[in-house]
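# Structure at a glance
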Number of protein chains: 2
Amino acid sequence: MSDTRERVVVTEVGMRDGLQSIARIMPTEFKRRWIDAAYAAGVRHMEVASFVPAKLLPQMADADAVIAHALTYDDLIVTALVPNLKGAQRALEAGAHRIVAPISVSAAHSLANVRKTPAEMIDAFAAMRELIDSVASDAGARADTNAGTDAGAGADANGHVRAGPRKHRVELIAGLSTVFGCTLQGAVPYADIAAIARAAVQAGADVIALGDTTGEATPSRVGEIIELVRDAVGDTLRSLHFHDTRGLGLANTLIALQHGIREFDASLAGLGGCPHAPGATGNVNTEDLVFMLDSMGYDTGIDLTRLLASRAVLADALPGEPLYGYLARAGLPKQFIATGASVGSSSDSTESQVLQ
Amino acid sequence: MSDTRERVVVTEVGMRDGLQSIARIMPTEFKRRWIDAAYAAGVRHMEVASFVPAKLLPQMADADAVIAHALTYDDLIVTALVPNLKGAQRALEAGAHRIVAPISVSAAHSLANVRKTPAEMIDAFAAMRELIDSVASDAGARADTNAGTDAGAGADANGHVRAGPRKHRVELIAGLSTVFGCTLQGAVPYADIAAIARAAVQAGADVIALGDTTGEATPSRVGEIIELVRDAVGDTLRSLHFHDTRGLGLANTLIALQHGIREFDASLAGLGGCPHAPGATGNVNTEDLVFMLDSMGYDTGIDLTRLLASRAVLADALPGEPLYGYLARAGLPKQFIATGASVGSSSDSTESQVLQ
């Protein structure tokens, strides 16, 4: 059965989006434990840090150390978010495999968030592309001198591969934000979204990701915008990033699946929200997302029991922080096996009289 | 725009399913206020009570008084749930327009819940049909003697129509429960579900409703079972009743919409859960459901702002009881108009640095 299931990539972004959205700072040691626990559950894509000034986001001050730990796992794809060229430089030096640069399709949001217009962000994005390609050439040249040693990667005492000259081509991802609505500008014209997606690809994006920054995505709009962006850039559109602000995170995911998307971001325990906005909520909950995907017969490679157990790291690291999640509360149905037809029975509910 | 929107019926079932699932008893006066507030928000379908022994469900002991109040609204469709013939008799006498009888497709659940096998429940259901038809004949005979007076209905001091001899033909609804999984039996064979749906229609069901009693429905299964039951009974399949136990309530609703279902049950504030089951959760949240439907361009007739305001009745009546809901927490997007394309902007979030 597992041989024929279609793969869906779930990227755990809680270490970046979740942690930067809460007031407290998670000590580096707990971040390492979180990465370990997620890896043990089968998560192979993680966005673990952002390279922004520590003054602005002290939660991310240990980005280098966190990435170094993530890179001890040979088959873990490590993503970092960067707002500018300097961030991209740091992410490259740290050894990230994927670099996400947010490009807001809303001019108002872009100016407020990174003090650049979308056009200026496209220029900055093109500069990141150039930087990445120049580093790749250098690494290639160095790797040539190391022929036969797995492109120069070394192994540490645990047998994990260290970042040497790169094994992976670094992917540059344009994270189009405020695509589904902007708190400052309102609805963003579809023509603007398509134009910015095209410009990002022309500037060198390997991947276009769409972000529901403000939690305003709705099913109809998700379908429309995916088709719009796919018309503009084809299969370079690859990934969706939903927040669950208005309870539509999984419904939106379902529509995206129906429109061919197979990569999604999510946060363990729905970690997130914003210290300055009482109504804000975090990303789609990783456990609930994986449960839905499993139930539909998709292969995420993630073990739900271990994933649920990994919440203990958050409970230890952030006592009192709200941890969300339906599955964590209700438990896995008793006869759950990772196929839709097998989601059958729950051990956790008892019956009251005359339920319907 | 509103002329062309497709209608979706949302039935508020919190007064029945929500209240019978919490330990406290809501005083009758608050139930009346809740009905008033829901009506003021545009809700025109409510399941307000169940007719079960007060010893078993003291929460429902005032069913007659609650239905009498609901019937003061001329255009409100009033539903009652009944487990047996005696309950049906009481619901008819009280004047309910729709009577829902749960029929579990799981033999184990049926025996535990109503001490009858599914086959015995079908027999009981046929007896309810007979009772309803005989009462209808009587009422018809009485109405004939009242010719010219709107089938004998009178108006009270507020101009509301009182229940006289019936204006509406009473609808009998077979609420197929544990359709998507049973905590006792596990997955229920599809052949059993189809057979019981057919038997219910043969026994006189006007409507087949499918209930996710145990909160185990998943999107793939929802689509499969809707098609299965529609193959068996055609458009007599009309209504879906989801719980949100594992966070899939709205995703499941979306699939049901795609499969042509246009009637859904929901509870204000997701009221529910079960005093004996810590992991259990209530029905799909009415506010969040209406928001999703509005955003997709469906016409529910419900005003979201007033619906959100109606939560105040629950807060007053049940201090300390958890009230759920994403929309209640995040607020309506600022530029929300009841069409998908207009869900654009939120006033409630502020920006942190480098969001994606």
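Residues numbered from 1 in each chain as written. Chains lettered and ligands numbered in written order. Predicted model: local features only at pLDDT ≥ 70, side-chain atom pairs only at ≥ 80, totals over all residues. Heavy atoms only, no water.

In this section: the side chain of Asp265(A). All names here are of chain A. Counting through the fold element by element, Asp265 comes out in strand E8 (residues 263–266). No salt bridge is formed by the buried Asp265. Its closest oppositely charged neighbour is Arg16, at 5.9 Å. Among the polar contacts listed, one links the side chain of Asp265 to the side chain of His241, at a separation of 2.7 Å. (Helix = DSSP H or I, 4+ residues; strand = E, 2+ residues; numbered from the N terminus. Buried < 20%, exposed > 50% of the residue type's maximum accessible area, 1.4 Å probe, protein only. Lys, Arg positive; Asp, Glu negative; His and termini not counted. Salt bridge = Lys/Arg side-chain N within 4 Å of Asp/Glu carboxyl O. Polar contact = N/O pair within 3.5 Å; in protein donor to acceptor, adjacent residues only side chain to side chain.)

Let's shift gears to the packing of aromatic side chains. All names here are of chain A. Applying the stated criterion across every chain yields a total of four aromatic pairs over all chains. Geometrically, the ring pair formed by Tyr39 and Tyr73 is stacked, given 4.0 Å between the ring centres and 25° between the ring planes. Residue Tyr39 is found in helix H2 (residues 28–40), and its partner Tyr73 is found in the loop between helix H3 (63–70) and strand E3 (77–81); the two are separated by 34 residues along the sequence. Each member of the pair, Tyr39 as well as Tyr73, is classed as buried. Between Arg44 and the ring centre of Tyr39, over which it is positioned, the NZ or CZ distance is 3.5 Å. (Phe/Tyr/Trp six-rings, centres within 6.5 Å; stacked < 30°, edge-to-face > 60°. Lys NZ or Arg CZ within 6 Å of the ring centre and 35° of its normal.)

Take the confidence of the model for chain A next. When pLDDT is low, close inspection of the predicted coordinates is not appropriate. Residue and element names in this part refer to chain A. The pLDDT averaged across chain A works out to 86; a share of 82% of its residues lies at or above 70. Segment residues 146–164: pLDDT under 50, and 27 contacts once partners within four positions in sequence are set aside and those in other chains are kept. Note that residues 337–356 has pLDDT below 50 and, in this model, 86 contacts with residues that lie over four places away or in other chains. Confidence metrics for the complex model read pTM 0.88 and ipTM 0.86. (pLDDT = per-residue confidence, 0-100. Contact = heavy atoms within 4.5 Å.)

Residues and elements named next belong to chain A. With respect to the secondary-structure elements, Thr236 resides in the loop between helix H8 (219–233) and strand E7 (237–241). Overall, Thr236 belongs to the buried group, its relative accessible area being 18%. Only 3.3 Å separates the side chain of Thr236 from the backbone oxygen of Val233, close enough to count as a polar contact. Not counting residues within four places of it along the chain, the set of residues in contact with Thr236 comprises Val201, Ala205, Asp206, Val207 and Ile208.

Residues and elements named next belong to chain B. Relative to each other, helix H7 (residues 190–202) and helix H8 (residues 219–233) sit at 40°, their axes nearing to 9 Å. Relative to H8, the element H7 is oriented oblique. H7 and H8 meet at a crossing whose hand is right-handed. Here H7 contributes Tyr190, Ile193, Ala194, Ala197, Arg198 and Val201 to the contact with H8, which in turn contributes Arg221, Glu224, Ile225, Leu228, Val229, Ala232 and Val233. Classifying every residue of the contact of H7 with H8 gives ten nonpolar, no polar and three charged. (Axes fitted to C-alpha atoms, helices over the stretch in contact; angles between N-to-C directions. Parallel < 35°, antiparallel > 145°, perpendicular 65-115°, else oblique. Left-handed = near helix turned anticlockwise from the far one by under 90°. Nonpolar A, V, L, I, M, F, W, Y, C, P; charged D, E, K, R; others polar.)

Moving on: the pairing of strand E4 (residues 98–104) of chain A. All names here are of chain A. Of all seven residues in E4, seven are buried; the element is thus mostly enclosed. Alternating positions in E4 separate into two faces, Arg98, Val100, Pro102 and Ser104 on one and Ile99, Ala101 and Ile103 on the other, with burial throughout. The sheet contact formed by E3 and E4 spans three bridges and is parallel. Bridge assignment links Ala80 to a residue of E4, and that residue is Ile99. Tracing the backbone out of E3, into helix H4 (residues 85–94) and back to the parallel element E4 gives a crossover that is right-handed. Pairing analysis gives seven bridges linking E4 to strand E5 (residues 171–177), with the strands arranged parallel. Note on E5: the bridge partner recorded for Pro102 is Gly175. (Pairing = 2+ DSSP bridges. Right-handed = clockwise from strand over helix to strand, strands pointing away.)

This part covers the packing of helix H9 (residues 249–258) of chain A against helix H10 (residues 286–295) of chain A. Residues and elements named next belong to chain A. Put simply, H9 and H10 touch, their axes get as near as 11 Å, and they point 40° apart. One way to sum up the angle between H9 and H10 is to call them oblique. When you trace H9 past H10, the crossing you get is right-handed. Contacts from Leu250, Thr253, Leu254 and Leu257 of H9 reach H10 at Asp288, Leu289, Met292 and Leu293.

For the rest of this paragraph, the subject is the pattern of salt bridges. Scanning the entire structure with this criterion turns up 40 salt bridges over all chains. A salt bridge links Arg32(B) to Glu29(B); its shortest N-O distance comes to 2.8 Å. In this pair, Arg32(B) and Glu29(B) both sit in helix H2 (residues 28–40), three residues apart, roughly one turn of the helix. Residues Arg238(B) and Glu171(B) are paired through a salt bridge, measuring 3.3 Å at the closest nitrogen-oxygen approach. Of this pair, Arg238(B) sits in strand E7 (residues 237–241) while Glu171(B) sits in strand E5 (residues 171–177); the two residues are 67 residues apart in sequence, bridging distant segments of the chain. The class for Glu171(B) is buried, based on a relative accessible area of 18%. Taken together, the salt bridges that share partners define one network made up of Arg98(A), Glu171(A), Arg238(A) and Glu263(A).

Time to look at H7(B). Residues and elements named next belong to chain B. Taking 1.5 Å per residue as the helical rise, H7 with its 13 residues ought to reach 18 Å, and the 19 Å between its terminal C-alpha atoms agrees with that figure. Of all the positions in H7, only Ile193, Ala194, Ile196, Ala197 and Ala200 are classed as buried. Taken end-on, H7 shows its buried residues confined to a sector of 165°, consistent with a single buried face. Within H7, the exposed residues directed more than 90 degrees away from the buried face are Ala191 and Gln202. The first or second residue beyond H7 is Gly204, which carries a positive phi of 115°. (Expected span 1.5 Å × (residues − 1). Arc of directions from axis to C-beta.)

Next up on the list: the pairing of strand E3 (residues 77–81) of chain B. Residue and element names in this part refer to chain B. Burial within E3 is extensive, with five of its five residues counted as buried. Side-chain alternation along E3 places Ile77, Thr79 and Leu81 on one buried face and Val78 and Ala80 on a second face that is also buried. Sheet topology note: the strand E2 (residues 45–50)/E3 ladder contains five bridges and is parallel. Opposite Ala49, over in E3, you have Ala80 as the bridge partner. The β-α-β motif built from E2, the intervening helix H3 (residues 63–70) and the parallel element E3 has right-handed crossover chirality.

All names here are of chain A. Buried within H4 are the following residues: Gly87, Ala88, Ala91, Leu92 and Ala94. The buried residues of H4 occupy one face: seen down the axis, they fall within an arc of 160°. In this structure, H4 carries Lys86 and Glu93 as exposed residues pointing more than 90 degrees from its buried face. Of the residues flanking the end of H4, it is Gly95, one or two places downstream, whose phi is positive at about 100°.

Although it is not a glycine, Thr178(A) sits at a positive phi angle of roughly 55°. Turning to its location among the elements, Thr178(A) is positioned in the loop between E5 and helix H7 (190–202). Taking relative accessible area as the criterion, Thr178(A) reaches 0% and is therefore assigned buried. Even without being glycine, Arg115(B) reaches a positive phi, approximately 55°. For Arg115(B), the location among the structural elements is in the loop between helix H5 (107–114) and helix H6 (118–145).

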